[in-house]
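What follows is each chain in one-letter form.
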Amino acid sequence: RDRQAKKTPEQKKEEYLKSVQTIDDLITAFYACLGGEPGEKRDWEFFRFLFHPQAYKIGYEKDINRNIRPQWIHPNDYIERVGYWFDNTRETAFYERELGRVVETYANIGHAFSHCEAFHSKEDMANNKPYKQDVKSIQLAYYQDRWWIINMFWHGVTPEFPVPDRYKKFQQFP
C-alpha cells in the first residue's frame, strides 16, 4: 500500500473495498497495514476500515500484577495509544508475517486461526529472527458487500502454549 500518495475519498474507498472482498485479502491487509519502520506513519484510516465499528482487539497478556488475562481494546483506542507509539516513539521497526492460517466459514460468518511472527526489522525478517509469535483468533462477518473483522483475540506462543501443527499451514474449509 502506498502510504504517501494523495487520493480522493472515493479513490481511497474503492481501494479499501478491494482489500475486504475475501477473508484472505482482509487478513493479508491487516498484517500489511501495521508494518513499518520507526516513525513511519501507518494508514490508520485503513486499519479502522478493516474492523466493524463495534469490534474489539483482545490480547491475552500480562496485566499490571503480572497475571495473564484477556485485555480488551477498541480499534480506535488502539490507534490512539499504540498507533501514537508506532508513529512517534517506537525505536525499532515492526513487521508481522503470517506462517499459517485455518479458516472456516458458514453462510456469512467466518473464523480464522492465524499463526504469525513479529520482527524488529526487515533484516530480522529476512534472516528469520522473530522476537515473538502469536496465534490470533479472528471472527469475521460478511455484509454490506464486504468482510469485516468482528473481533480479534490473540495469545502469545510460549513453551507452555506451543503452536498446534494444524495452524502451521494454510487451510480453508468451505
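Our structure is the block above this text.
Along every chain, residues carry numbers that run from 1 in the direction the sequence is written. Totals for whole chains, interfaces and linings use every residue, but because this is a predicted model, local features are given only for residues with pLDDT of at least 70 and side-chain atom pairs only at 80 or more, for both listing and counting. As a convention, hydrogens and water are excluded, and side-chain values are obtained from all of the structure's heavy atoms.

Some points on the overall build of the chain
Then comes step 1: A run of H or I in DSSP becomes a helix once it reaches four residues, and a run of E becomes a strand once it reaches two; helices and strands are each numbered from the N terminus. When helices and strands are tallied, the chain shows five helices and seven strands.
Then comes step 2: Each helix and strand of the chain, placed in order from N terminus to C terminus, yields the pattern α-α-α-β-β-α-β-β-α-β-β-β.
Then comes step 3: Computed over C-alpha atoms, the radius of gyration of the chain comes to 16 Å, within 12% of the 16 Å expected from 2.2 N^0.38 for 174 residues, which places it in the range of a compact globule.
Then comes step 4: For the C-alpha atoms alone, the extent of the chain along its principal axes is close to 45 × 40 × 35 Å. What the globule rule says is 2.2 Å times the number of residues to the power 0.38, and the radius of gyration is computed from C-alpha atoms.

Focus: helix α4 (residues 75-89)
Along an α-helix, a turn takes 3.6 residues, which lines up residues three or four apart on a common side.
Then comes step 1: Taken as a whole, α4 carries its principal kink of about 35° at Val82.
Then comes step 2: Relative accessibility thresholds used throughout: buried, under 20% of the residue-type maximum; exposed, over 50%; partly exposed, between the two (1.4 Å probe, protein chains only). Inspection of α4 places Pro75, Tyr78, Ile79, Gly83, Phe86 and Asp87 among the buried residues, and these make up the whole buried set.
Then comes step 3: Here, two residues are considered to be in contact whenever any of their heavy atoms come within 4.5 Å of each other. Buried residues in α4 make contact with α2 (23-34), α3 (44-50), β1 (51-62) and β2 (68-73). The quantity called bend is, for any residue, the angle between two axes fitted respectively to the seven residues ending at it and the seven beginning at it.

Some thoughts on the environment of Cys33
Then comes step 1: Within the fold, Cys33 resides in helix α2.
Then comes step 2: Sequence spacing of Cys33 and Trp44 is eleven residues, and the spatial spacing of their C-alpha atoms is 8.1 Å.

Considerations on the environment of Trp44
Then comes step 1: In this structure, Trp44 sits in helix α3.
Then comes step 2: Along the backbone, Trp44 and Tyr78 are 34 residues apart, and their C-alpha atoms lie at a distance of 9.9 Å.
Then comes step 3: Those residues within four positions of Trp44 in sequence are excluded, and the remaining contacts are Leu34, Tyr78, Ile79, Gly83, Phe86 and Asp87.

Focus: the nonpolar core
Then comes step 1: In plain words, nonpolar cores are sets of buried Ala, Val, Leu, Ile, Met, Phe, Trp, Tyr and Cys residues tied together by side-chain atoms within 4.5 Å. Of all hydrophobic cores here, the largest spans 31 residues; its most connected members are Phe30, Leu34, Phe47, Leu50, Phe51, Leu140 and Ile149.
Then comes step 2: At the level of elements, α2, α3, β1, α4, β4 (109-119), β5 (132-143) and β6 (146-156) are the ones that each hand at least two residues to this core.
Then comes step 3: The residues contacting Phe51, other than those within four sequence positions of it, are Phe30, Lys57, Pro75, Trp148, Ile149 and Met152.

Side note on the pattern of salt bridges
Then comes step 1: Each salt bridge in this description consists of a side-chain nitrogen of Lys or Arg and a carboxyl oxygen of Asp or Glu lying within 4 Å of one another. All chains considered together, the criterion is met by nine salt bridges.
Then comes step 2: Ionic pairing is found between Glu96 and Lys136, a salt bridge with its closest N-O pair at 3.0 Å. With a gap of 40 residues between them, Glu96 in strand β3 (residues 95-106) and Lys136 in strand β5 connect regions that are remote in the sequence.
Then comes step 3: The shortest N-O distance in the salt bridge between Arg97 and Glu117 comes to 3.0 Å. Here the residue Arg97 occupies a position in strand β3, and Glu117 occupies one in strand β4, the gap between them amounting to 20 residues.
Then comes step 4: Here Glu117 falls in the buried class, since its relative accessible area comes to 7%.
Then comes step 5: One salt-bridge network, in which partners are shared between bridges, spans Asp24, Glu98 and Arg101.

Overview of the side chain of Glu98
Then comes step 1: Residue placement: Glu98 occurs in strand β3.
Then comes step 2: Note on Glu98: relative accessible area 16%, which makes it buried.
Then comes step 3: A distance of 2.6 Å separates a polar atom in the side chain of Glu98 from a polar atom in the side chain of Arg101.
Then comes step 4: In protein, a polar contact requires one atom able to donate a hydrogen and another able to accept it; more generally it is a pair of N or O atoms within 3.5 Å, and residues adjacent in sequence count only if both atoms are side-chain atoms. Polar side-chain contacts of Glu98 include one of 2.5 Å to the side chain of Ser114.
Then comes step 5: Every residue in contact with Glu98, bar those within four places of it in the chain, is listed here: Ile27, Tyr31, Ser114, His115, Cys116 and Phe170.

Topic: the environment of His155
Then comes step 1: Among the structural elements, His155 can be located in strand β6.
Then comes step 2: Taking the C-alpha atoms as reference points, His155 and Asp134, separated by 21 residues in sequence, lie 5.6 Å from one another.

A word on the sheet that holds β2
Then comes step 1: Strand order across the open sheet formed by seven strands is β2-β1-β6-β5-β4-β3-β7, with mixed pairing between neighbours. Strands with a single pairing partner mark the edges of an open sheet, and in this sheet they are β2 and β7 (170-173). Neighbouring strand axes in the sheet, compared pairwise and without regard to direction, differ in orientation by 20° on average.
Then comes step 2: One requirement defines pairing of two strands: DSSP has to find at least two bridges between them. Taken together, the six bridges between β1 and β6 define a ladder with parallel strand orientation. Residue pairing for β6: Phe51 is matched across the bridge by Ile149. Axis geometry follows a simple rule: fit a line to the C-alpha atoms, using only the stretch in contact for helices, then measure angles between N-to-C directions, giving values from 0 to 180 degrees.

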